[in-house]
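Descriptive analysis of the structure
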Amino acid sequence: EGATLDGMKSSRMFHMTNGCSLYLEALHFVDGRSDDNGGAVRADGAGDIAMKDVSFTGCEASESGGGMYVENSGDVSLEGASFSECTAGTYGGGMYMRNSGDVSLEG
């Protein structure tokens with residue numbers, strides 16, 4: 001259950017900067033696309049990111065983080081997250097993280 005965001009292979013759904021934090025629950029990212037980093041979600045200089053029961057399906061980035069890209073941001077917590085058929089041209093088909101806080105992956 002939950003909501004679905006469909007990028008229709010033409011857009012990223014979230015781009016956080018300037019310390020912005022994000023909490024999402026029961027959300028499905030489908031067919032997100034970026035010509036650079038983060039096909040569905042990009043966090044660059046963001047705060048903490050927490051997601052529960054989320055899925056990323058068919059998301060793609062030309063560079064890194066097909067599903068999710070996190071750089072120079074806070075802590076990241078994913079509980080019950082799944083990545084399926086996500087691709088990236090350089091690094092991290094599902095998720096790419098760099099120079100960020102603690103990472104917690106559960107379930």
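Attention in this report is confined to the structure presented alongside it. (Residues numbered from 1 in each chain as written. Predicted model: local features only at pLDDT ≥ 70, side-chain atom pairs only at ≥ 80, totals over all residues. Heavy atoms only, no water.)

Here's the deal with the side chain of Glu 71
- Residue position: Glu 71 is located in strand E10 (residues 68-71).
- Among the polar contacts listed, one links the side chain of Glu 71 to the side chain of Tyr 69, at a separation of 2.2 Å.
- Sequence-distant contacts of Glu 71, that is, excluding residues within four places in its chain, are made with Ala 43, Asp 44, Gly 45, Arg 98 and Ser 100. (Helix = DSSP H or I, 4+ residues; strand = E, 2+ residues; numbered from the N terminus. Polar contact = N/O pair within 3.5 Å; in protein donor to acceptor, adjacent residues only side chain to side chain. Contact = heavy atoms within 4.5 Å.)

Focus: a negative patch on the surface
- A cluster of like negative charges, contributed by Glu 25, Asp 53, Glu 79 and Glu 106, occupies part of the molecular surface.
- Note on placement: Glu 106 falls in strand E15 (residues 103-106).
- The exposure class assigned to Glu 106 is partly exposed, which follows from its relative accessible area of 47%. (Patch = residues over 30% accessible without salt bridge, like charges linked within 9 Å, V, L, I, M, F, W, Y side chains within 5 Å. Areas by Shrake-Rupley, 256 points an atom, 1.4 Å probe, with all protein chains shown as cover. Salt bridge = Lys/Arg side-chain N within 4 Å of Asp/Glu carboxyl O. Lys, Arg positive; Asp, Glu negative; His and termini not counted. Charge placed at Lys NZ, Arg CZ, Asp CG, Glu CD. Buried < 20%, exposed > 50% of the residue type's maximum accessible area, 1.4 Å probe, protein only.)

Regarding the sheet that holds E10
- Overall, parallel pairing links the 4 strands, which are arranged E2-E6-E10-E14 in an open sheet. In this open sheet, the two edge strands, each paired with only one partner strand, are strand E2 (14-16) and strand E14 (95-98). Each neighbouring strand pair of the sheet contributes to a mean axis angle of 5°, computed without reference to strand direction.
- Across 4 bridges, strand E6 (residues 41-44) lies against E10 in parallel orientation. Note on E10: the bridge partner recorded for Arg 42 is Tyr 69. (Pairing = 2+ DSSP bridges. Axes fitted to C-alpha atoms, helices over the stretch in contact; angles between N-to-C directions.)

Regarding the side chain of Ser 55
- Position of Ser 55 among the secondary structure elements: in strand E8 (residues 55-57).
- Ser 55 gets classed as buried once you look at its relative accessible area, which sits at 13%.
- Setting aside anything within four residues of it in sequence, one finds Ser 55 in contact with Leu 27, His 28, Phe 29 and Ser 82.

Structural notes on the pairing of E6
- With 3 bridges joining them, E2 and E6 adopt parallel strand pairing. Looking across to E6, one finds that His 15 is bridged to Arg 42.

Regarding the pattern of salt bridges
- Enumeration according to the criterion identifies 8 salt bridges in this entry.
- Between Asp 31 and Lys 9 there is a salt bridge whose closest N-O contact spans 3.6 Å. You can see Asp 31 sitting in the loop between strand E4 (27-30) and strand E5 (33-34) and its partner Lys 9 sitting in the loop between strand E1 (3-6) and E2, a full 22 residues away along the chain.
- The class for Lys 9 is partly exposed, based on a relative accessible area of 35%.
- Arg 42 is the salt-bridge partner of Asp 44, the closest N and O atoms lying 3.3 Å from each other.
- Asp 44 sits in the partly exposed class, given a relative accessible area of 24%.
- Residue class for Arg 42 comes out buried when judged on its relative accessible area of 12%.
- Here the residues in one salt-bridge network are Lys 9, Asp 31, Arg 33, Asp 35 and Glu 60, joined through shared partners.

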